[in-house]
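# Examination of the molecular architecture
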Amino acid sequence: MKRTLLLSLIALIAMAARAQDTVAPTTGETVGSARGENAGDYNIVQSWEPGYRYSLVGGDEGKYRSDVNYGNGVRLLASYLTVNSRDGHGHWFDEIVLSTQGLGNDPYESATLRVQKNGLYRYDMMWRLNDYFNPGLATSDGLHLENTSQRWQDHDLTLFPQSHFRFHAGYGRNKEDGPALSSVNLFDSQRGDVFSLFSNVRREYNSYRVGADADMFGFRLSVLRRWEFYKEDTPYSLGGGIQLAGPNGVDPSTLTAFNRSAPIHGSTPGWLVTLLTDRKRYAVNGRFTYSGGDNNFVLNEAAVGTGLTGTENRLIITYGDAKRVAATGDLNLSVFPTERLTITNNTSVDNTRIGGNSFYEEIDLATLSADILNFQFLGIRLITNSTDAHFRATKKFDFFTGFRFVDREIRSIQSTADPSPPVATSFANTLNAQTDHVYAGAVGMNWLIAAPLRLHVEAEIGRNDNPFTPIDEKNYHAIDSRLQYRRKTVTASAGYKQMYNNNSVTLTAYSAHSRDYFGNFSWAAREWFAVDLGYSRLHLDTAGGIVFFTGSPRATLQTGTSIYVSNIHAANLGARVALRKRADFYIGYNITRDTGPTFPLNFATPLARLTIPITPKLKWNAGYQYYGYHEFVAVAPVLENYHAHTGYTSLLFSF
Amino acid sequence: MGFPALAADGVSVGGYVGSAVCQTCHPDVTLNFYKNPHYKSVASGKETAERTGCEGCHGPAAAHVAARGGKTTIPHAFSLMKPAEVLDDCLTCHAKDVSRANIRRSVHTDADVVCSTCHSIHKPQTPKYLLAKVQKDLCYECHQTVRAQFEMPVKHRVNEGVIECSDCHNPHGTFAATWSTGIRPRMVDEASGPGAGQNLGNEETCIKCHQDKRGPFVFEHAPVRVDGCESCHFPHGSMNSKLLRRPVVYTVCLECHNGAGTFGITGSGVIATSSAHNLLDPRFRNCTNCHVRIHGSNADPNFLR
């Protein structure tokens, strides 16, 4: 009895400590409880939760679809199935695990499947769908609206998973399609205007892999060969009719005809070789991974309209190829001189070389006006060496320290030539090379103050002598601390994180300060009551030197500082009450509020969920969730505020 | 179903008694153990006593049986063991996997977050990987600020269940990032294709799903390759559209494109905007309206098409 009570309490803690999910499927429910039914030599556990979801949206529905996207209709909200052989000697399989979510019509759907027979094979499948909608108002005044679906799948088969020689084969696919808007700058790259385009997104990625592992002399050698193929065949068109200039009311430009085809087809062959061992006094592992990359492309763009200088009739043809070679080697060596001390050294060398040719031909009003061959090369060589030591001083106290050195070289060539006869120019291959070095050190400790109370503190400080961009880490430090209390029915933690970076040069200065505070508390007070509370405050302030041109009638150079200050307060509350065995009630409330002052907004999502058992195998569920999004300062041309009432009702069959 | 007796006399060399003996007092643990992945070692019948069944993890039980129970008589009682001991025990069998190649130097190991902190062998909530809780809840237990980020209006769909933390992170530690120089980013996986496992490739994990940003491109936007996607985006969640680091697009761009210092691909400052880009004109405020191929282009050095 005591054991049952204890298990129930542990389960309750687990349920109450869940993050606030979306309102459905029914969370906190032990989907596929341990009952199960025996069928021959197998045990079967399954649950199915069909239901109906609804939503009622007020305000900016586009923003709602971008953030939340739940709609109306019937779905299989969740399902779960396990079949296990009871003696580990099934005929065709020993285990099947299948779980699904949102199948039918949800914007986020997924399914995973594992089938395995002990010692013979293991097969894993993953399938996911994400319906993506973004009105693009905040980033492009709506010119880059997207309404696409992306589907992923992956299949992985391992033969003889428990033997000393294993074989792997796999296949992955990632496909994205759907309508979208795009835009194009035409007729003058500096002063030309922006026109909206219709595009039909068509992207597809396929990968194949085969490999093998061998355990020999205490080492494991793994070799994997993979082939990846990518293609994008997204066409762009005007969509019909004459289009006036974009967000510039006084510009007389028009676009009367436009068409662009820009297929890209590429492949990425790759290798992975690893060698590992883990002994009593040391562990060694090495990895070599290589990816090639080759994209072939053609672009054909025809545009007719009126530009700043009159009638425009332009044809652009571009073709060429881009190549990348990325090779990486790693070596890890860990030694354990005593049981209390671990010292690990890691050396990594990465070399990436990207280059390609792009032939550009521009014909204006049937006259060849530009004939350019572009060549670009980008090379990144990165050498990293880290040494970490961890010493366990006592059973209650241990500390660690580490040092990292990085040497990076970035080389680039950007070159342009006119290949047209009779005066063909040659490339001016000016190589730009620069290096930077990073020295970073870290130190930390873990202290078990009293049995349930644990403190973790770590800090890092780093210096980069030549960062690549003005916002990169140059002179930085980070602190991360956490105090955690964990008992059978109570868990609580509080912490503080800080990250300061100062990257300054003579003309401008960039600094960033982030300070995060958090605390959470979970308490399974009774078998029928549990509560979960959390609060985080995320502060970020940055100041970056900027230069830009502005003014009327003539733009002049301005210098200034871009200041961004964000103070985000995020709180969550969840409480679960079980009314004997007659009902299970959950309420939750999430609020995320940025008090700015740069861009204040408020996002709140309260929810409630009720489960009523009808029979031991059947439960009725209902839930409601409200989403309220409120901007106080508009980034888009309009405030994108919305509120949405969403909910669901479902039946959960468990066998 | 159940466990075979180890030997006719019930006691073997080294104090191993066999799991069938354990079953006598611990039926709650052994009843459903055939569903546990660790049951494979029992079912095979080929493993030696110290590598199978209850004693494979908990050590020889003769003393525990003789004492008629008690946690302190179990050689390897995980709730009483130090974190490092837990790690060593599990790695006895689980070390030789490339996804765990960096576990000895991982941030989790440094913080005394070891196998039993996240995995529950006897009471898992997920049959795959035997996690003590659903993955995101497990991670949120310590990473409360990350939880706050995933509850922002613009975020990757972790709470909605379509992706998981381990799609981008390897909680067992990773090799040094090839797109960054600092000790951070931490435990961000290195990807090749979607779902292709962990540590298989040498590119930033984002390209697992965002394949169109992978290239190669003739004209690379160099920071994407040199410093990674986080140069412009918050990866977990953001209050800003497209997970951008700033709500207004041109401020994202201008903080780098100021022509100052020795930054950028030529080492002489990241090129500033043209004098023709008068910011009073709204068309120049959303830079990506013209520079549509900002992640990289094959046709235009200025990413216009």
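Residues numbered from 1 in each chain as written. Chains lettered and ligands numbered in written order. Predicted model: local features only at pLDDT ≥ 70, side-chain atom pairs only at ≥ 80, totals over all residues. Heavy atoms only, no water.

### Observations concerning the side chain of aspartate 532 of chain A
Residues and elements named next belong to chain A. Following the sequence through the fold, aspartate 532 ends up in strand S25 (residues 529–550). For aspartate 532, a relative accessible area of 3% translates into the label buried. In this structure the side chain of aspartate 532 is engaged in a polar contact, spanning 2.9 Å, whose partner is the side chain of serine 522. (Helix = DSSP H or I, 4+ residues; strand = E, 2+ residues; numbered from the N terminus. Buried < 20%, exposed > 50% of the residue type's maximum accessible area, 1.4 Å probe, protein only. Polar contact = N/O pair within 3.5 Å; in protein donor to acceptor, adjacent residues only side chain to side chain.)

### With respect to the interface of chain A and chain B
With 203 residues of chain A at the contact, the number on the chain B side is 140 residues. Both faces combined, the contact of chain A with chain B buries some 14,700 Å², and carbon together with sulfur accounts for 53% of it. Its largest share of buried area at the contact with chain B, chain A owes to Thr139, Phe468 and Phe549 of chain A, together 5% of the area lost on that side. The tally of links from chain A across to chain B stands at 14 salt bridges. A salt bridge links glutamate 232 of chain A to arginine 293 of chain B; its shortest N-O distance comes to 3.6 Å. Counting every contact that joins chain A to chain B gives 51 residue pairs in polar contact (both at pLDDT 80 or more). Its residues assigned to classes, the side of chain A that touches chain B shows 72 nonpolar, 77 polar and 54 charged. (Contact = heavy atoms within 4.5 Å. Buried area = accessible area lost by both parts, 1.4 Å probe. Salt bridge = Lys/Arg side-chain N within 4 Å of Asp/Glu carboxyl O. Nonpolar A, V, L, I, M, F, W, Y, C, P; charged D, E, K, R; others polar.)

### Digging into the layout of surface pockets
Reported here for the second largest pocket is a volume of approximately 620 Å³. Looking at the lining of the second largest pocket, the elements that each hand over two or more residues are strand S16 (310–338) and strand S17 (341–364) of chain A together with helix H6 (83–94) of chain B. If one sorts the elements of the lining of the second largest pocket by residue count, H6 of chain B sits on top with 7 residues. Residues that form the lining of the second largest pocket fall into these classes: 7 nonpolar, 5 polar and 12 charged. (1 Å grid on protein atoms, 1.4 Å probe; cavity = no way out; pocket = protein on both sides within 12 Å on 5 of 7 lines; lining within 4 Å. Points joined across faces, edges and corners; volume = space filled by probe spheres on them.)

### A short note on the nonpolar core
Tyr64, Val68, Tyr70, Tyr627 and Tyr642 of chain A are the most contacted members of the largest nonpolar core, which has 23 residues in total. When contributions to this core are tallied by element, the ones reaching two or more residues are strand S26 (556–579), strand S28 (601–615), strand S29 (618–631) and strand S30 (642–654) of chain A together with helix H10 (144–150) of chain B. At 3 residues, the largest contribution of residues to this core is made by H10 of chain B. With residues up to four places along the chain from it excluded, the contact list for tyrosine 627 of chain A reads Thr22, Val68, Tyr70, Phe603, Ala604, Thr605, Tyr642, His643, Ala644 and Thr646 of chain A. Formed by 10 residues, the second largest nonpolar core is a distinct cluster that contains Leu197, Tyr236, Leu255 and Phe258 of chain A. (Core = buried A, V, L, I, M, F, W, Y, C linked by side-chain atoms within 4.5 Å.)

### Points about the packing of aromatic side chains
Residues and elements named next belong to chain A. Enumeration over the complete set of coordinates arrives at 16 aromatic pairs over all chains. Each ring, one from tyrosine 171 and one from tyrosine 208, has its centre 5.2 Å from the other, and the planes form 40 degrees; the classification is tilted. Within this pair, whereas tyrosine 171 is found in strand S8 (residues 165–186), its partner tyrosine 208 is found in strand S9 (residues 193–216), the two being separated by 37 residues in sequence. Taking relative accessible area as the criterion, tyrosine 208 reaches 39% and is therefore assigned partly exposed. Each ring, one from tyrosine 496 and one from tyrosine 517, has its centre 5.0 Å from the other, and the planes form 45 degrees; the classification is tilted. Here tyrosine 496 is found in strand S23 (residues 490–504), whereas its partner tyrosine 517 is found in strand S24 (residues 509–526), with 21 residues between them in sequence. Ring pairing ties together the aromatic residues Tyr64, Phe603, Tyr629 and Tyr642, which thus form one cluster. Residue placement shows arginine 53 over the ring face of tyrosine 70; its charged tip is 4.1 Å from the ring centre. Of note, arginine 260 hangs over the ring of tyrosine 236, and the distance from its end group to the ring centre comes to 4.9 Å. (Phe/Tyr/Trp six-rings, centres within 6.5 Å; stacked < 30°, edge-to-face > 60°. Lys NZ or Arg CZ within 6 Å of the ring centre and 35° of its normal.)

### Focus: the pattern of salt bridges
For the coordinates displayed, the defined rule picks out 54 salt bridges over all chains. A salt bridge links aspartate 156 of chain A to arginine 209 of chain A; the shortest N-O distance between them is 2.9 Å. Taken together, the positions of aspartate 156 of chain A in strand S7 (residues 146–159) and arginine 209 of chain A in strand S9 put the pair 53 residues apart, joining distant regions of the chain. Overall, aspartate 156 of chain A belongs to the partly exposed group, its relative accessible area being 21%. For arginine 209 of chain A, a relative accessible area of 6% gives the class buried. With a shortest N-O distance of 3.4 Å, glutamate 204 of chain A and arginine 173 of chain A are connected by a salt bridge. Of this pair, glutamate 204 of chain A sits in strand S9 while arginine 173 of chain A sits in strand S8, and the two are 31 residues apart along the sequence. Note on arginine 173 of chain A: relative accessible area 22%, which makes it partly exposed. Residues joined in a network through salt bridges with shared partners are Glu176, Arg203 and Glu232 of chain A together with Asp212, Lys213 and Arg293 of chain B.

### Digging into unusual backbone geometry
The amide bond that connects glycine 596 of chain A to the next residue, proline 597 of chain A, takes the cis arrangement and shows omega of 20 degrees. In this structure, proline 216 of chain B follows glycine 215 of chain B across a cis peptide bond, with omega equal to 5 degrees. Topologically, proline 216 of chain B is positioned in the loop between strand S3 (203–204) and strand S4 (219–220). In this structure, phenylalanine 217 of chain A takes a positive phi of about 55 degrees despite not being glycine. Mapping phenylalanine 217 of chain A onto the fold places it in the loop between S9 and strand S10 (219–232). Using a relative accessible area of 77% as the deciding quantity, one classes phenylalanine 217 of chain A as exposed. Here the phi dihedral of tyrosine 129 of chain B falls at roughly 70 degrees; this positive angle occurs in a residue that is not glycine. Inspection of the secondary structure assignment puts tyrosine 129 of chain B in the loop between helix H8 (115–118) and helix H9 (135–142). Judged by relative accessible area, which is 55%, tyrosine 129 of chain B ranks as exposed.

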